[in-house]
Each structure stands twice: as C-alpha cells, then as structure tokens.
Amino acid sequence: LIKYAGDLDTIALVSGDGDFYDLLIYLKNKGVKVEVYGVEMSTALDLKRTADLYVPIDSNWLLQQ
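Quick notes on the rules
Residues numbered from 1 in each chain as written. Predicted model: local features only at pLDDT ≥ 70, side-chain atom pairs only at ≥ 80, totals over all residues. Heavy atoms only, no water. Core = buried A, V, L, I, M, F, W, Y, C linked by side-chain atoms within 4.5 Å. Buried < 20%, exposed > 50% of the residue type's maximum accessible area, 1.4 Å probe, protein only. Helix = DSSP H or I, 4+ residues; strand = E, 2+ residues; numbered from the N terminus. Contact = heavy atoms within 4.5 Å. Polar contact = N/O pair within 3.5 Å; in protein donor to acceptor, adjacent residues only side chain to side chain.

Asks: Help me out: how do you make sense of the nonpolar core in this one?
Replies: Inside soluble globular proteins, nonpolar side chains tend to come together where they are buried. With 12 residues, the main nonpolar core is built from Ala5, Ile11, Leu13, Leu23, Leu24, Leu27, Val32, Val34, Val36, Leu47, Ala51 and Tyr54. For this core, the elements supplying multiple residues, two or more each, are strand 1 (10-14), helix 1 (21-29) and strand 2 (33-39). The element best represented in this core is helix 1, accounting for 3 residues.

Structure, rendered in structure tokens:
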C-alpha cells in the first residue's frame, strides 16, 4: 500500500488491529480515503476514529447455515 499510495483513491482495511494505525495515517496524508471494516468489540478505537468510514462487522455479515 505504501508503494502504490500515490495511485490509490480508496482502500478497505478488513481488520481491527491497531497496528495498522500508522499505515492509515500515512495513507490519509497521501490523500487516500480509508475505510475500516471490523468487529465492533475487537476494532481499535484509533482505527475507528481515523477512518473516513468505519463499518462494524456484525452477525448480519456472517453466513447463516
């Protein structure tokens, strides 16, 4: 993502891991729109606050069998 940041419009991060926070800051500073999709209780607050769009993954996203 860092290598191609200048060519990106939007990225979707499907993770709640706060280790991605610095990457999100870097991408936003390069003008990339950042969307974060993560499980509500497991997504770092910094990711939720930093993302242009945060979408919680809940039971509606899960395959029902």
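Asks: In this structure, what is going on with the environment of Asp52? I would like to understand it.
Replies: Along the polypeptide, Asp52 turns up in the loop between helix 2 (45-50) and strand 3 (53-57). C-alpha separation for the pair Asp52 and Thr10, spaced 42 residues apart in sequence, amounts to 9.6 Å. Among residues more than four places away in sequence, those in contact with Asp52 are Lys28, Val32, Lys33 and Val34. Within polar-contact distance, the side chain of Asp52 engages the side chain of Lys28 at 2.8 Å. Looking at Asp52, its side chain comes within polar contact range of the main-chain nitrogen of Val34, at 2.7 Å.

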